[in-house]
Amino acid sequence: MNNIIDILLGLEKDENRKSCLMMAIRNARHLTGRDVETGEAKDMNTMRTNVNMRDEVFDNCLEDESFFAGIVMYLIALDSIGCLFGKKGNKKNSIKRALDQFSSLSDGEISALVDLRNTLAHNFGLATEKEHNNGNKKSKHKYTLAFSDDAEAIKLPETEWDGVFTNKDSSSSTVIGVKSFCNLVESIIANVYECHRNGDLEMRVDEDEAKARFTVLS
């Protein structure tokens, strides 16, 4: 099983197979202007400069689109980590499992990032729906992206958003600091590697399923 874990984490090269997890991670880094191999970035200005140095981004004013897509890819990477790896008995869903086991975020922060995944990945937007289709109460968030170096990865609102879309009160916004969010996901990825080095990383799926769902033949 270690062999497939090494392939999934990009630690072992397979001429005929690529890891979907590594594709998501590398693409997220590329889209957010970070080092594709290490995930490092000096500051937010460097990230923005790297993004806008690409002719297609600068010529077509695609900076926002690039960062939106990069955040989505980082969230998808977290989803993949939660699907693939975890501890026995953890019943949380995939992205919650990844955030719960490989970060020190609070339950409220984890819930907000799960909702961010849902609204960005499903609708490419920054506000959640008012309620579930079945009418059950759900958490509500309207998100703001902060492009400053000192912005927190996630700052929960001072007052809960009431779900009224005309409500522009900034105190009810959930703020995502783009650079710190990327750093947070990179720290989670680093924790996964550390657990693997220590022999503590367990696969949640068997090798055949991992190859079928989380790798592609090249």
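This text goes with the structure placed above it.
Report follows, based on the coordinates. Here the structure is a predicted model, which is why all the values come from computation and not from measurement. (Residues numbered from 1 in each chain as written. Predicted model: local features only at pLDDT ≥ 70, side-chain atom pairs only at ≥ 80, totals over all residues. Heavy atoms only, no water.)

**Quick look at the layout of surface pockets**
Step number 1: Estimates place the volume of the largest pocket at around 420 Å³.
Step number 2: Broken down by secondary-structure element, the contributors of at least two residues to the lining of the largest pocket are β1 (17-19), α2 (20-31) and α8 (178-197).
Step number 3: With four residues, α2 is the single largest residue contributor to the lining of the largest pocket.
Step number 4: When its residues are assigned to classes, the lining of the largest pocket shows eight nonpolar, two polar and eight charged. (1 Å grid on protein atoms, 1.4 Å probe; cavity = no way out; pocket = protein on both sides within 12 Å on 5 of 7 lines; lining within 4 Å. Points joined across faces, edges and corners; volume = space filled by probe spheres on them. Helix = DSSP H or I, 4+ residues; strand = E, 2+ residues; numbered from the N terminus. Nonpolar A, V, L, I, M, F, W, Y, C, P; charged D, E, K, R; others polar.)

**Focus on the side chain of Ser 66**
Step number 1: Among the structural elements, Ser 66 can be located in helix α5 (residues 63-84).
Step number 2: You can call Ser 66 buried: its relative accessible area is 7%.
Step number 3: What Ser 66 contacts, discounting residues up to four positions off in sequence, is Leu 31, Val 51 and Arg 54. (Buried < 20%, exposed > 50% of the residue type's maximum accessible area, 1.4 Å probe, protein only. Contact = heavy atoms within 4.5 Å.)

**A short note on the pairing of strand β2 (residues 142-146)**
Step number 1: The buried fraction of β2 is high, at four of five residues.
Step number 2: The sheet contact formed by β2 and strand β3 (residues 173-177) spans five bridges and is parallel. Counterpart to Ala 146 in the pairing with β3 is Gly 177. (Pairing = 2+ DSSP bridges.)

**Points about α5**
Step number 1: Spanning 22 residues, α5 covers 32 Å between terminal C-alpha atoms, matching the ideal 32 Å at 1.5 Å per step.
Step number 2: When you tally the buried positions in α5, you get 17 out of 22 residues, the bulk of the element. (Expected span 1.5 Å × (residues − 1).)

**What to know about unusual backbone geometry**
Step number 1: Phi angles above zero are rare outside glycine, and Cys 61 is one such case at about 55°.
Step number 2: Judged by relative accessible area, Cys 61 falls into the exposed class, the value being 64%.

**What about the side chain of His 141?**
Step number 1: Relative to the helices and strands, His 141 is located in the loop between α7 (107-123) and β2.
Step number 2: Side chain to side chain, His 141 and Thr 174 meet in a polar contact 2.8 Å long.
Step number 3: If sequence neighbours within four positions are ignored, His 141 has contacts with Ala 112, Asp 115, Leu 126, Ala 127, Thr 128, Trp 161 and Thr 174. (Polar contact = N/O pair within 3.5 Å; in protein donor to acceptor, adjacent residues only side chain to side chain.)

**Focus on the nonpolar core**
Step number 1: In this structure, Leu 84, Phe 85, Leu 113, Phe 181 and Met 203 are the most contacted members of the largest nonpolar core, which totals 57 residues.
Step number 2: Element by element, the count of residues in this core is highest for α5, at 11 residues.
Step number 3: Apart from residues no more than four positions distant in its own chain, Leu 113 is found in contact with Leu 75, Leu 99, Leu 105, Ile 154, Ile 176, Phe 181 and Leu 184. (Core = buried A, V, L, I, M, F, W, Y, C linked by side-chain atoms within 4.5 Å.)

**Some points on a negative patch on the surface**
Step number 1: A contiguous patch of negative charge, built from Glu 158, Glu 160, Asp 162 and Asp 169, is present on the exposed surface.
Step number 2: With respect to the helices, strands and loops of the structure, Asp 169 is situated in the loop between β2 and β3. (Patch = residues over 30% accessible without salt bridge, like charges linked within 9 Å, V, L, I, M, F, W, Y side chains within 5 Å. Areas by Shrake-Rupley, 256 points an atom, 1.4 Å probe, with all protein chains shown as cover. Salt bridge = Lys/Arg side-chain N within 4 Å of Asp/Glu carboxyl O. Lys, Arg positive; Asp, Glu negative; His and termini not counted. Charge placed at Lys NZ, Arg CZ, Asp CG, Glu CD.)

**Describing the pattern of salt bridges**
Step number 1: Across all of its chains, the model carries eight salt bridges by this definition.
Step number 2: Its salt-bridge partner being Glu 186, residue Arg 29 comes within 2.8 Å of it at the nearest N-O pair. Of this pair, Arg 29 sits in helix α2 while Glu 186 sits in helix α8, and the two are 157 residues apart along the sequence. Taken individually, Arg 29 and Glu 186 each receive the classification buried, so the pair is uniform in this respect.
Step number 3: In this structure, the salt-bridge partner of Glu 209 is Arg 213, at a minimum N-O distance of 2.7 Å. Here Glu 209 and its partner Arg 213 are both found in helix α9 (residues 207-214), four residues apart, which amounts to about one turn of the helix.
Step number 4: You can call Glu 209 partly exposed: its relative accessible area is 31%.

**Considering the packing of α2 against α5**
Step number 1: Contact geometry of α2 with α5 gives a least axis separation of 8 Å together with a crossing angle of 155°. With respect to their mutual orientation, α2 and α5 come out roughly antiparallel. You can see that α2 and α5 cross each other, and the crossing is left-handed. Across the interface between the two elements, Leu 21, Ala 24, Ile 25, Asn 27, Ala 28, Arg 29 and Leu 31 of α2 pack against Ser 66, Phe 67, Ala 69, Gly 70, Met 73, Tyr 74, Ala 77, Ser 80, Ile 81 and Leu 84 of α5.
Step number 2: Considered class by class, the residues forming the contact of α2 with α5 number 12 nonpolar, four polar and one charged. (Axes fitted to C-alpha atoms, helices over the stretch in contact; angles between N-to-C directions. Parallel < 35°, antiparallel > 145°, perpendicular 65-115°, else oblique. Left-handed = near helix turned anticlockwise from the far one by under 90°.)

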